[in-house]
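Okay, here's what each chain looks like letter by letter:
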Amino acid sequence: MSDDQDSIKVILIGDSGTGKTNLITVAAGYEFDSNSLSTTSCSYIQKTYTKHNADYKVNIWDTIGQEKFRSLTKIFVKESKIVILVYDITNKETFESLPFWKQLVDEILDYTPVFAVVGNKMDLYDKEQVKGDEADKYAESIGAKVLLTSAKKDSESFCNFIGELLEDYLLKDKGERIDSFALAKDNIIKKKNCC
Ligand code: GDP
Ligand code: MG
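Since we're looking at a predicted model, the values are computed, not measured. (Residues numbered from 1 in each chain as written. Chains lettered and ligands numbered in written order. Predicted model: local features only at pLDDT ≥ 70, side-chain atom pairs only at ≥ 80, totals over all residues. Heavy atoms only, no water.)

J.: Is there a simple way to think about the pattern of salt bridges in this case?
T.: Side-chain pairs of opposite charge can arise whenever the charged atoms involved come near each other. Enumeration according to the criterion identifies eight salt bridges in this entry. Measuring nitrogen to oxygen at the nearest pair gives 3.3 Å for the salt bridge that ties Asp15 to Arg70. Separated by 55 residues along the polypeptide, Asp15 in the loop between strand S1 (8-13) and helix H1 (20-27) and Arg70 in the loop between strand S3 (54-61) and helix H2 (74-77) bring together distant segments of the chain. Its relative accessible area of 38% is what places Arg70 among the partly exposed residues. One salt bridge connects Glu164 with Lys145, and the closest N-O pair in it is separated by 3.9 Å. Here Lys145 lies in strand S6 (residues 145-148) and Glu164 lies in helix H6 (residues 157-174), a separation of 19 residues in the sequence. (Salt bridge = Lys/Arg side-chain N within 4 Å of Asp/Glu carboxyl O. Helix = DSSP H or I, 4+ residues; strand = E, 2+ residues; numbered from the N terminus. Buried < 20%, exposed > 50% of the residue type's maximum accessible area, 1.4 Å probe, protein only.)

J.: Explain the packing of aromatic side chains to me, please; I cannot follow it from the model alone.
T.: Aromatic ring pairs are reported here in terms of the distance separating the ring centres and the angle at which the planes meet. Applying the stated criterion to the full structure yields five aromatic pairs. On the numbers, 6.4 Å between centres and 70° between planes, the contact of Trp61 with Phe76 is edge-to-face. In this pair, Trp61 sits in strand S3 while Phe76 sits in helix H2, placing the two residues 15 residues apart along the sequence. With respect to class, Trp61 is no different from Phe76; both count as buried. Centre to centre, the rings of Phe100 and Trp101 are 5.1 Å apart; their planes meet at 75°, and the pair counts as edge-to-face. Overall, Phe100 belongs to the partly exposed group, its relative accessible area being 29%. Between the NZ or CZ atom of Lys9 and the centre of the ring of Trp61, over which it lies, the distance is 3.9 Å. Sitting over the face of the ring of Phe100, Arg70 holds its NZ or CZ atom 4.4 Å from the ring centroid. (Phe/Tyr/Trp six-rings, centres within 6.5 Å; stacked < 30°, edge-to-face > 60°. Lys NZ or Arg CZ within 6 Å of the ring centre and 35° of its normal.)

J.: I tried to follow the pairing of strand S5 (residues 114-120) on my own but got confused; where do I start?
T.: Remember that side chains alternate between the two faces of the sheet whenever the strand is regular. Of all seven residues in S5, seven are buried, a share of seventy percent or more. Pairing of strand S4 (residues 82-88) with S5 involves seven bridges; the strand directions are parallel. Within the sheet, the bridge partner assigned to Leu85 lies in S5 and is Val117. Two strands pair when backbone bridges link them, and S5 and S6 are joined in this way by four bridges, in the parallel orientation. Counterpart to Ala116 in the pairing with S6 is Lys145. With respect to chirality, the unit in which S5 leads through helix H5 (residues 132-141) into the neighbouring parallel S6 is right-handed. (Pairing = 2+ DSSP bridges. Right-handed = clockwise from strand over helix to strand, strands pointing away.)

J.: Quick question: what am I supposed to make of the side chain of Ser157 here?
T.: Turning to its location among the elements, Ser157 is positioned in helix H6. A distance of 2.9 Å separates polar atoms of two side chains, one belonging to Ser157 and the other to Thr149. (Polar contact = N/O pair within 3.5 Å; in protein donor to acceptor, adjacent residues only side chain to side chain.)

J.: Quick question: what am I supposed to make of the nonpolar core here?
T.: The tendency in soluble globular proteins is for nonpolar side chains to be buried as a group. The biggest cluster of nonpolar side chains holds 28 residues, and the ones touching the most others in it are Leu12, Ile60, Ile82, Ile84, Val118, Phe158 and Leu166. Secondary-structure elements contributing two or more residues to this core are S1, H1, strand S2 (43-51), S3, S4, S5 and H6. The element best represented in this core is H6, accounting for eight residues. Ranked by size, the runner-up nonpolar core spans 25 residues in total, among them Leu72, Ile89, Trp101 and Val105. (Core = buried A, V, L, I, M, F, W, Y, C linked by side-chain atoms within 4.5 Å.)

Following this line, the structure appears as structure tokens:
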């Protein structure tokens, strides 16, 4: 099997400006970029998670900025197993958009992926417009886990969260229970351009 066929596809979606590209950039081990412009190239990073000597490759895909036009391409969504809905905790509108993004995914996929909700920019907590319990309530309604984090200040929790979602996916789709789960030490394999 090719490298990419046996990897698990994860996508980040949500309004433009919520920090999706930075979450991925930081997860890839690069510096947070405070001047990042809208994403101009579609790409994904690959991370490897290990459990009892078995490796699980996860490809985390970023958009090419199509979310600005409130659309998602089929190719971007197709075959994703874990869908992360991202909002900005300082911007209520981005939270209110989440059902819209989820519906676009539901229209494209003919199966139910593992959904998750991420509230980003927690370093700007004093400007918070979305309370944690509102996020919990929405997430619960769609059977998703929630993470409140900051791409700027916290490089670890997002990576660990993807590990948890991977556990949920493996349990749901393959009935595999994972007791201990860790990021492989050399987990950043590559960053790829895909279009
Ligand atoms: P995207 O459009 O969803 O990919 O968002 P970007 O990753 O391009 O980020 C949009 C803007 O928000 C940029 O100016 C980032 O520097 C900023 N940003 C992203 N994550 C954070 C964060 O955790 N905290 C703060 N303060 N700014 C952030
Ligand atoms: Mg982006």
